[in-house]
Amino acid sequence: MKHWHIDQVAWDRFDPTKVDPEIVPLVKAAAMVERNASDYTAYLNSVFRDDPDFRQAADNWAVEEIQHGDALGRWGMCADPSWDFEAAFVRYRAGFKIEVNADASIRGSRTGELIARCMVETGTSSYYTALGDATEEPVLKEVCRLIAADEYRHFKLFYDHMKRYLARENLSFMKRLRVAAGRIGESEDDELAYAYYCGNESEDLPYDHQRCIAAYMGRAMGFYRFRHIERSTGMVFKSIGLEPRGRLADLAARGAWRLLQWRRERYVAALRKAANENAAPPLAEAA
Ligand SMILES: [Fe+2]
Ligand SMILES: [Fe+2]
């Protein structure tokens, strides 16, 4: 059962004068990753094949994620009426595949799998909160608020199942930390970069991971404020069994914030360099 329906969104309040052009390519890319949730459900169903409660929860989860994709895709088409979400998604599906028939979790254990899922929901929950806070466009604000609430609920869902498996599997703290850090690092892999490519660039241009991840992250990282990072650090801490509030969490949040600024500057510099290389020579030189 979904907690809201796409048709409840006040689409008629869409205000094109309030659209931030830096947000549009991010929304288009995110729409595809969200819409692609059915592959992850197939994978989770296969990993948790003898756990009907979790399988049911994973099926419900996917329905909500797919709706996130549909809502973001619909907003992308409001913001850019020339954009074809269906066509972009077909292209994404054809080029980005995950292994759905796994005998066991790629994270080494079910606890590890659920910690990785908690990392994803932490990331999406803070990301949509940040985008929703940043945008002045009323429909996107509403969509982001609805999605962020779902993502936080998803976090709690995977967290509760993780606790159940942790009691059984007793995964060590170091192993939990490694899975969490590994999954956070994967946010810069192909999933988002390729979605950026399919959502925003022509098929005539060959896919280049570095170019696309810089284009995505250089923009996305600019929308975070310290409070978003502070909150997600708390969620990461909770997932691996550390105190979500306190001195260590404060220190980690400040470190993560600095790391984010540093990464963002590097991506923005890469974007600028690429733009300069592609730009026509200045008029004086050309003359
Ligand atoms: Fe989502
Ligand atoms: Fe989610």
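Please refer to the structure higher up on the page.
Quick notes on the rules
- Residues numbered from 1 in each chain as written.
- Chains lettered and ligands numbered in written order.
- Predicted model: local features only at pLDDT ≥ 70, side-chain atom pairs only at ≥ 80, totals over all residues.
- Heavy atoms only, no water.
- Donors = N, O, S within 2.8 Å, 3.2 Å for Na, K, Ca; no water.
- Helix = DSSP H or I, 4+ residues; strand = E, 2+ residues; numbered from the N terminus.
- Buried < 20%, exposed > 50% of the residue type's maximum accessible area, 1.4 Å probe, protein only.
- 1 Å grid on protein atoms, 1.4 Å probe; cavity = no way out; pocket = protein on both sides within 12 Å on 5 of 7 lines; lining within 4 Å.
- Points joined across faces, edges and corners; volume = space filled by probe spheres on them.
- Salt bridge = Lys/Arg side-chain N within 4 Å of Asp/Glu carboxyl O.
- Polar contact = N/O pair within 3.5 Å; in protein donor to acceptor, adjacent residues only side chain to side chain.
- Contact = heavy atoms within 4.5 Å.
- Phe/Tyr/Trp six-rings, centres within 6.5 Å; stacked < 30°, edge-to-face > 60°.

A.B. asks: Give me the lowdown on the coordination of the iron ion (ligand 1), citing residues and values where you can.
C.D. replies: For the iron ion (ligand 1), the protein coordination sphere consists of E34 (OE), E34 (OE), E65 (OE), H68 (ND1) and E151 (OE), at 1.9 to 2.7 Å. Between the donor residues of the iron ion (ligand 1), the gaps in sequence give the motif E-x30-E-x2-H-x82-E. Between the iron ion (ligand 1) and the iron ion (ligand 2), a spacing of 3.7 Å is present, and a bridge between the two is formed by E65. Of the two residues, E65 and H68 are both situated in helix α3 (residues 52-79); the distance of three residues between them amounts to about one turn of the helix. For E65, a relative accessible area of 4% translates into the label buried. H68 sits in the buried class, given a relative accessible area of 0%.

A.B. asks: Could you give me a rundown of the layout of surface pockets, with the residues and numbers involved?
C.D. replies: Taken as a whole, the largest pocket holds about 1,300 Å³ of empty space. In this structure, the largest pocket is lined by 46 residues; those nearest its centre are M119, G123, I184, S187 and Y224. Looking at the lining of the largest pocket, the element that brings in the most residues is helix α5 (residues 110-134), giving ten residues.

A.B. asks: Would you mind going over the pattern of salt bridges in detail, with residue names and values included?
C.D. replies: For the structure on display, the rule yields 18 salt bridges. Note that R183 is salt-bridged to E191, the shortest N-O span being 3.9 Å. Per residue, the accessibility class of R183 equals that of E191, and both read buried. Across the pair K273 and E277 runs a salt bridge, and its minimum N-O distance is 3.5 Å. Separated by four residues within a single helix, K273 and E277 lie in helix α11 (residues 247-278), roughly one turn from each other. For the residue pair K273 and E277, the accessibility class agrees, reading exposed in each case. Via salt bridges that share partners, R107, R183, E186 and E191 belong to a single interconnected network.

A.B. asks: Which residues make up unusual backbone geometry, and what are the values?
C.D. replies: Residue N170 is not a glycine yet carries a positive backbone phi of 55 degrees. With respect to the helices and strands, N170 occurs in the loop between α6 (138-169) and α7 (173-185). Take N170: its relative accessible area is 62%, and that puts it in the exposed class.

A.B. asks: Tell me about the side chain of S232, residues and numbers included.
C.D. replies: Assignment of secondary structure puts S232 in helix α10 (residues 226-239). Given the relative accessible area of 12%, S232 is considered buried. A distance of 2.9 Å separates the side chain of S232 from the backbone oxygen of H228, its partner in a polar contact. Separated by 3.2 Å, the side chain of S232 and the backbone oxygen of I229 make a polar contact. When residues no more than four places from it in sequence are discounted, the contact partners of S232 are T122 and S126.

A.B. asks: How would you summarise the packing of aromatic side chains if you had to cite specific residues and measurements?
C.D. replies: The relation between two aromatic rings is expressed through the spacing of the ring centres and the mutual angle of the planes. As enumerated under the stated definition, the model contains 18 aromatic pairs in all. When the centroid spacing of 6.2 Å and the interplanar angle of 75 degrees are considered together, the rings of F14 and W75 count as edge-to-face. With F14 in the segment before α1 (24-35) and W75 in helix α3, the pair connects residues that are 61 residues apart, well separated along the chain. Like F14, the residue W75 is buried in the burial classification. Ring geometry for F48 versus F54: centroids 4.2 Å apart, planes at 40 degrees, classification tilted. Note on F48: relative accessible area 0%, which makes it buried. The class of F54 is buried, set by a relative accessible area of 0%. In textbook terms, an aromatic cluster arises when at least three aromatic residues are bridged by ring pairs, as seen for F48, F54, W61, F158 and Y165.

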